[in-house]
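Now for the letters of each chain:
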Amino acid sequence: DLFYRLLPKVELHAHLNGCVSFETMERLIARKPHLNIEHSMTAIRAGQRRTLDECFQVFKVIHQLVDTEEDILMVAKAVIREFAADGVKYLELRSTPRSEEKTGLTKTKYVETVLEAIRQCKQEGVDIEVRFLIAVDRRNGPEVAMETVKLAEDFMLSSDGLVVGLDLSGNPEVGHGKDLLPALQRAKNSALRLALHMSEIPSQKEESELFLTLPPDRIGHGTFLHPGVGGSDSLVNKVRQLNVPLELCLTSNVKGQTVPSYDKHHFSYWYQRGHPCVICTDDKGVFCTELSQEYQLAATTFGLSPEAVWTLSQQAIRYSFAPECIKQQLEQRWMELRPQVL
Ligand code: 5GP
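Structure report, in brief. As the structure is a prediction and not an experimental result, all values here were calculated from the model.

Cut-offs applied
- Residues numbered from 1 in each chain as written.
- Predicted model: local features only at pLDDT ≥ 70, side-chain atom pairs only at ≥ 80, totals over all residues.
- Heavy atoms only, no water.
- Helix = DSSP H or I, 4+ residues; strand = E, 2+ residues; numbered from the N terminus.
- Buried < 20%, exposed > 50% of the residue type's maximum accessible area, 1.4 Å probe, protein only.
- Polar contact = N/O pair within 3.5 Å; in protein donor to acceptor, adjacent residues only side chain to side chain.
- Contact = heavy atoms within 4.5 Å.
- Core = buried A, V, L, I, M, F, W, Y, C linked by side-chain atoms within 4.5 Å.
- Expected span 1.5 Å × (residues − 1).
- 1 Å grid on protein atoms, 1.4 Å probe; cavity = no way out; pocket = protein on both sides within 12 Å on 5 of 7 lines; lining within 4 Å.
- Points joined across faces, edges and corners; volume = space filled by probe spheres on them.
- Nonpolar A, V, L, I, M, F, W, Y, C, P; charged D, E, K, R; others polar.
- Near = heavy atom within 4 Å.
- Areas by Shrake-Rupley, 256 points an atom, 1.4 Å probe, with all protein chains shown as cover.
- Sits in = over half its atoms within 2 Å of the grid points.

Comments concerning the side chain of His221
Checked against the element boundaries, His221 lands in strand β6 (residues 218–221). On the basis of relative accessibility, which here comes to 1%, the residue His221 falls in the buried class. Looking at His221, its side chain comes within polar contact range of the side chain of Asn253, at 3.2 Å. The residues contacting His221, other than those within four sequence positions of it, are His13, His197, Met198, Glu200, Glu247, Leu248, Cys249, Ser252, Asn253, His266 and Asp282.

Notes on the nonpolar core
One finds Leu91, Ile128 and Phe132 to be the most contacted residues of the largest nonpolar core, which totals 105 residues. In contact with Phe132, not counting residues within four places along its chain, are Leu93, Arg94, Ser95, Val111, Val114, Leu115, Ile118, Leu162, Val163, Val164 and Gly165.

What to know about helix α12 (residues 291–302)
End to end, α12 covers 16 Å across twelve residues, agreeing with the expected 16 Å (1.5 Å per residue, within 8%). Listed as buried for α12 are Leu291, Ser292, Glu294, Tyr295, Leu297, Ala298 and Ala299. Two residues or fewer past α12, Gly303 is found with a positive phi of approximately 60°.

Digging into the layout of surface pockets
Of the voids in this model, the largest pocket is the one considered here, and its volume is about 880 Å³. Those elements giving two or more residues to the lining of the largest pocket turn out to be α3 (52–65), β2 (88–95), α5 (107–123), β3 (129–137) and α10 (250–255). Top contributing element to the lining of the largest pocket by residue count: α3, with nine residues. The residue inventory of the lining of the largest pocket, partitioned by class, reads eleven nonpolar, 21 polar and 14 charged. Empty space within the second largest pocket amounts to approximately 230 Å³. Around the second largest pocket sit Arg138, Pro172, Glu173, Gly175, His176, Gly177, Lys178, Ser203, Gln204, Glu206, Glu207 and Leu210, which together line it. Those elements that provide at least two residues to the lining of the second largest pocket are α7 (177–189) and α8 (205–211). The leading source of residues in the lining of the second largest pocket is α8, at three residues.

Points about the site of the ligand
Residues in close proximity to the ligand total 16 residues, the closest being His63, Ser95, Thr96, Gly170 and Glu200. Within the contact set of the ligand, an oxygen atom lies 3.5 Å away from a backbone nitrogen or oxygen of Leu16. In the model, a nitrogen atom of the ligand is placed 2.6 Å from a nitrogen or oxygen of the Glu200 side chain. Starting from 510 Å² of accessible surface for the ligand in isolation, the protein chains cover 97%. With respect to the detected pockets, the ligand is housed in the largest pocket. Residues belonging to the shell around the ligand are distributed by class as follows: three nonpolar, nine polar and four charged.

Given below as structure tokens:
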């Protein structure tokens, strides 16, 4: 629907390697035919569902296809252009730095290449502001987490403001948040903004309580924070008291089966309570979606008026980790782009 595509949007929860489009995937597969990877292994189509574990297998396949500087540059530039084409005016991209012995890729090179892609898109006049969050994959444990935080600190100082924060993601079934707390604490102390995946599965209740002591600047998913699904009033109260915005990804949660159906998505729980909610895609390639589609889904599922949809997209600006001057520019854009009819 044109309204949703033209709606100026802010994307705050997008994992680079989960965002690879069908077209880019075709190019990657053609570059590495010996891997025998088919498209069905890298995307979950309409009507298909997977367990969360199976979703994480998909990322392993994609990582095999994206393992050189050249791949990362191509993927990152394509992803940025695709978000721009969907009407996204501000994008916070996140990715886990990887080193690959085979190709000589290092974690530093990995981050530099993503930043290069952001700069090239800017130079080419792509109409989108992009910032980067360096991701910690929880499965790699506390030492790697600490190294990653140090890498993020270095880049925060040397990237002309492109690196703004730290993400914690990866398979929630693996590892304990308690072990990662020192690294997260250090990041917080270094003024890196924290976007943490929390309560993606029911067993993360204690971990979420612990993370809220930091506290994080935004929460990814937060699917199981509230009492109806095994969370608790005290968790909800804490999140509300701290006013930590939630990044909500409808299609991702339904296809990954942590939410049984769109109408049962926790968007409604938080939105009804007036809590800051941001609609996001998570992995637009893997889950075959776009941000405009996610807004439309939220609107049709929960009966949001065009005015309410507009407000939702506009308010996302203030939950971004962009500096104040960029936020003001974005507010201005939103005023200019607002349709008369709303
Ligand atoms: P990358 O960091 O390689 O650019 O993007 C893929 C990675 O993002 C995955 O390996 C995983 O660590 C993380 N990721 C993507 N989607 C999800 C999700 O829905 N939940 C969690 N916890 N992590 C995710």
